[in-house]
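Each chain, written out:
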Amino acid sequence: MDHPRRDAGWIEVICGPMFSGKSEELIRRLRRAAIAKQRVQVFKPAIDRRYHDTRITSHSAQSLDAEALPDVAALLAALDPATQVVGIDEAQFFGPALVAAVQSMADRGVRVVIAGLDQDYLGRPFEPVPQLLAIAEQITKCLAVCSQCGALASRSFRLAGGDERVQVGAADTYEARCRACYLAAMTAPASADDDDGLAGVA
Ligand code: ADP
Ligand code: MG
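Cut-offs used in this document
- Residues numbered from 1 in each chain as written.
- Chains lettered and ligands numbered in written order.
- Predicted model: local features only at pLDDT ≥ 70, side-chain atom pairs only at ≥ 80, totals over all residues.
- Heavy atoms only, no water.
- Core = buried A, V, L, I, M, F, W, Y, C linked by side-chain atoms within 4.5 Å.
- Buried < 20%, exposed > 50% of the residue type's maximum accessible area, 1.4 Å probe, protein only.
- Helix = DSSP H or I, 4+ residues; strand = E, 2+ residues; numbered from the N terminus.
- Contact = heavy atoms within 4.5 Å.
- Pairing = 2+ DSSP bridges.
- Axes fitted to C-alpha atoms, helices over the stretch in contact; angles between N-to-C directions.
- Phe/Tyr/Trp six-rings, centres within 6.5 Å; stacked < 30°, edge-to-face > 60°.
- Lys NZ or Arg CZ within 6 Å of the ring centre and 35° of its normal.

Caption draft 1: Up close: the nonpolar core. Judged by nonpolar contacts, the single largest core of 25 residues is most densely connected at Ile-88, Leu-98 and Ile-114. Residue assignment for this core shows that the elements contributing at least two residues are strand S1 (10–16), helix H2 (72–78), strand S6 (85–88), helix H3 (97–107), strand S7 (111–117) and helix H4 (129–135). In terms of residues, this core owes the most to one element, H3, which gives 6 residues. Core analysis: the next-biggest nonpolar cluster, separate from the first, contains 13 residues, Leu-26, Ala-33, Val-42 and Ala-115 among them.

Caption draft 2: Structural view of H3. Within the span of H3, buried status applies to Leu-98, Val-99, Ala-101, Val-102, Met-105 and Ala-106. Along its buried surface, H3 packs onto S1, H2, S6, S7 and H4.

Caption draft 3: Quick peek at the sheet that holds strand S5 (residues 67–69). Taken together, the 6 strands give an open sheet; going across it, the order is S5-S2-S6-S7-S1-S8, and neighbouring strands pair in parallel fashion. Strand pairing shows two members of the sheet lacking a second neighbour, S5 and strand S8 (138–141), which therefore form its edges. Ignoring strand direction, the axes of neighbouring strands in this sheet form an average angle of 20°. Relative to S7, S1 is paired through 7 bridges, and the arrangement is parallel. Bridge pairing links Glu-12 to Val-113 in S7. Strands in contact with helix H1 (residues 22–35) are S1, strand S2 (40–45), S6, S7 and S8; relative to S7, the strand with the most contacts, it is inclined by about 165°.

Caption draft 4: Focus on the packing of aromatic side chains. Applying the stated rule across the entire model yields 1 aromatic pair. Both rings, one in Phe-157 and one in Tyr-182, keep their centres 6.2 Å apart while their planes meet at 90°; by these two values the pair is edge-to-face. Remark: Tyr-182 occurs in helix H5 (residues 179–187) and Phe-157 occurs in strand S11 (residues 155–158); sequence separation between them is 25 residues. Both residues of the pair, Phe-157 and Tyr-182, count as buried. Arg-158 extends its terminal NZ or CZ atom over the ring of Tyr-121, reaching a point 3.7 Å from the ring centre.

Listed below in structure tokens is the structure:
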């Protein structure tokens, strides 16, 4: 959905698991704002260097120029007062300070479009996305395709790695799963040769 009024501040959140098309949808909305000749700025957390340092990138290889920033203070410092539309990808990596920053931008008349994971790899709400959902005017929940059964997928299943909440990765580390296939994997007994320590994590 596109913004109803060119001059009104508001907040849009695009959430869902990995591979659900959040970045694709964010890029689509920001491209349309640029077509409408609005002044757009795009930000992403510097931690996300999976594909490119200074672009937001979708798994379908679409991309858009973005400023990669270490934290919310840097984001606010980089914000041009003339900017009408702000896009933020991977919101979950910016931490809780993002909520007040986004609120203040929208209060000043900026349309803020945010994409982020709503759940971590254990299926827990991934702050600050739940808080952003609560203050947003418009919410889009994207679903991926389950890598096991082809159903709609709401979870990001971690295939490899440790148990830290933040672990940047793509198809080598995560896959999209529906609730049933996610639960089946998380509750499966660890096999003797399983040394990744993940099976059975609940
Ligand atoms: P997100 O930002 O939510 O991780 P992207 O916009 O980067 O999603 O990627 C979405 C694209 O990823 C899809 O259009 C499709 O081409 C590709 N893709 C790869 N695996 C899957 C999957 N399991 N489910 C849906 N799309 C997938
Ligand atoms: Mg993305």
